[in-house]
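# Structural features, examined
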There are 2 protein chains.
Amino acid sequence: MSYCLGILTRQGIVFASDSRTNAGIDQINTSRKMHTINIPGERTFVLLSSGSLSLTQSVLTLAQQEFERGEGLAVVPNFYQAARCIGEHIRTIDKMDRQYLEKDHIAFSVNFILGGQIKGESPQLYLIYAQGNPLQATPDCPYLQIGEIKYGKPILDRGIRYEATSLEEAALCALISLDSTMKSNKSVGPPIDLLIYKNDEFDILHRTRFEANDPQLMTIRSLWEQKLKQAIREMPPLNLV
Amino acid sequence: MSYCLGILTRQGIVFASDSRTNAGIDQINTSRKMHTINIPGERTFVLLSSGSLSLTQSVLTLAQQEFERGEGLAVVPNFYQAARCIGEHIRTIDKMDRQYLEKDHIAFSVNFILGGQIKGESPQLYLIYAQGNPLQATPDCPYLQIGEIKYGKPILDRGIRYEATSLEEAALCALISLDSTMKSNKSVGPPIDLLIYKNDEFDILHRTRFEANDPQLMTIRSLWEQKLKQAIREMPPLNLV
């Protein structure tokens, strides 16, 4: 399992991802699920992946190779086309691998979050489904999640507003959301990658990796638990029969 | 979908359930998922159900009919046998209905939470699976959930401790857990039934139904959102590159 999310705000985009991969509960590894493709000053792409690691790696390899040839993400005229570009690579891998996976009853499972900015446009955030079609984050629905999405959703529903939430608050919500998920599903695990993209930076400037024993992460975890308990204690008593 | 939970604490048990049932998104109804069977002063049972309404109704009907004949829950010598009794009724309905459901690719989906107390024992809380086998709540794992369980789990993980949590706090956590779930999954919906069983009461004394527009529920919802936002604002700033 994986858990990755992107949060679009008025000020920019926050990306966060876990790093645990597993092929069965007895084959657990660590693999970065956050990847960047960047032409400083011109275009910046951040990709988060969930699903079968073999499939997501293949999609990323095709995207990276195409970029290095000066095609694909290197030249797409707008972000919608960038999302379509990743979708096409998913469909290419679908044609190559799906039928062989399905022979052994293995699902064709691959999802991406793609966010960033191309000069001339505002920052954008997309989810790209296993079928290759894109879904865009909007001010009404400013965050997108892939993988084990349910445990970490309530904090986002309560904490995130496109207009009002600062990038620092969004980053904190993302870490709390990931921490809640890791507490409930052990197939989601550290290190956590966090990346903050501020509007019009056109570069990767704020990227942090939190290991399992990172002091900041441990402080967030214990402080958040304290604050939730305090919030419960401070609620007005229920008036029951 | 449904969402029901039971929370076992040192002081007693809290039960909560939603009331939405649906057979497809275009066939939505309201049905109570909390049922009680009670011999005052002697034995008290609270049943919460999720799964196919037709199946859970059949199981409840068999349990109720047996009780009224002075058998089953009316006479089982201990709570483990009470859980086994519900399990046997699930297996009876399995024999009657499963093969016909599966012909039309409909899953045999039925789960129960059973809690309460039989005189001579401490209060107990069980989950009974669709296969009929019981799982008991323990001080280490003091709450049990059925149905749409993921959205509402983080607040329970943080808020519930068997020894330390009061029944009032547990009831509040249960309502917040249900509210978080209703916010994310529209197939979970009001009214919410809440029942508090205090140790050695051997009766149904604290039972409340919250309609969708219940003032207490609306206060909890808005106050909880305020408190979460305040907690986020009060966290120390992230120290990022």
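Residues numbered from 1 in each chain as written. Chains lettered and ligands numbered in written order. Predicted model: local features only at pLDDT ≥ 70, side-chain atom pairs only at ≥ 80, totals over all residues. Heavy atoms only, no water.

Counting residues at the interface gives 46 residues for chain B, matched by 46 residues for chain A. A per-residue breakdown of the area chain B buries against chain A is headed by B:R158, B:I232 and B:M235, which together make up 19% of the total. For B:R161, the salt bridge identified is with A:E225, shortest N-O distance 2.9 Å. Counting the contacts that link chain B with chain A gives 16 residue pairs in polar contact (both at pLDDT 80 or more). Within the residue set of the side of chain B that touches chain A, elements represented by two or more residues are α3 (153-159), α4 (167-184), β11 (192-198), β12 (206-210) and α5 (215-234) of chain B. Looking at side-chain class alone, the side of chain B that touches chain A contains 23 nonpolar, seven polar and 16 charged residues. (Contact = heavy atoms within 4.5 Å. Buried area = accessible area lost by both parts, 1.4 Å probe. Salt bridge = Lys/Arg side-chain N within 4 Å of Asp/Glu carboxyl O. Polar contact = N/O pair within 3.5 Å; in protein donor to acceptor, adjacent residues only side chain to side chain. Helix = DSSP H or I, 4+ residues; strand = E, 2+ residues; numbered from the N terminus. Nonpolar A, V, L, I, M, F, W, Y, C, P; charged D, E, K, R; others polar.)

Let us now look at the pairing of strand β12 (residues 206-210) of chain A. Residue and element names in this part refer to chain A. Because side chains alternate across β12, one face comprises the buried residues H206, T208 and F210, and the other comprises R207 and R209, none of which is buried. Here five bridges tie strand β11 (residues 192-198) to β12, and the two strands are oriented antiparallel to one another. Counted as the bridge partner of I196 is H206 from β12. (Buried < 20%, exposed > 50% of the residue type's maximum accessible area, 1.4 Å probe, protein only. Pairing = 2+ DSSP bridges.)

Now for the packing of aromatic side chains. Residue and element names in this part refer to chain A. Per the counting criterion, the structure on display carries six aromatic pairs over all chains. Each ring, one from F79 and one from Y126, has its centre 6.2 Å from the other, and the planes form 10°; the classification is stacked. With F79 in helix α2 (residues 79-103) and Y126 in strand β8 (residues 124-128), this pair connects stretches of sequence that are 47 residues apart. One exposure class covers both F79 and Y126, and it is buried. (Phe/Tyr/Trp six-rings, centres within 6.5 Å; stacked < 30°, edge-to-face > 60°.)

Right, let's get into the relation of the copies chain B and chain A. Mapping chain B onto chain A is achieved by rotating through 180° and translating by 0.0 Å along the same axis, at an RMSD of 0.0 Å. Taken together, these values place the two copies in the relation of a two-fold axis. Ranked by how close their C-alpha atoms come to the rotation axis, the residues of chain B are headed by B:Y151, at 2.4 Å. Comparing interface residues between copies, 100% of those in chain B also sit at the interface in chain A, which points to an isologous, same-surface contact. (Least-squares fit on C-alpha atoms with pLDDT ≥ 70 in both.)

Attention shifts here to the sheet that holds β8(A). Residue and element names in this part refer to chain A. One open sheet holds the five strands; their spatial order is β5-β6-β7-β8-β9, and the pairing between them is antiparallel. The sheet is open, and its two edges are formed by β5 (34-39) and β9 (134-136), each paired on a single side. Going from strand to strand, the sheet's axes swing by 20° on average, the running direction of each strand aside. With six bridges joining them, β5 and strand β6 (residues 43-51) adopt antiparallel strand pairing. (Axes fitted to C-alpha atoms, helices over the stretch in contact; angles between N-to-C directions.)

Another aspect to go through is unusual backbone geometry. Residue and element names in this part refer to chain A. Following P190, the chain continues into P191 via a peptide bond in cis, with omega recorded as -5°. Among the secondary structure elements, P191 is positioned in the loop between α4 (167-184) and β11. For D200, which is not glycine, the phi torsion reads 65° and is therefore positive. Within the secondary structure layout, D200 lies in the loop between β11 and β12.

Another point: the sheet that holds strand β10 (residues 143-147) of chain B. Residue and element names in this part refer to chain B. One open sheet accounts for five strands, arranged β10-β1-β2-β11-β12; its pairing is antiparallel. Since the sheet does not close on itself, it has two edges, and those belong to β10 and β12, each with one partner. Mean inter-strand twist for the sheet, computed between neighbouring axes without regard to direction, equals 10°. Sheet topology note: the strand β1 (residues 3-9)/β10 ladder contains five bridges and is antiparallel. Looking at β10, one finds that L5 is bridged to Q145. With respect to the sheet, α4 is in contact with β1, β2 (12-17), β11 and β12, its orientation differing from that of β1 by roughly 160°.

Take it as geometry only, folks, not as evidence of what the structure does.
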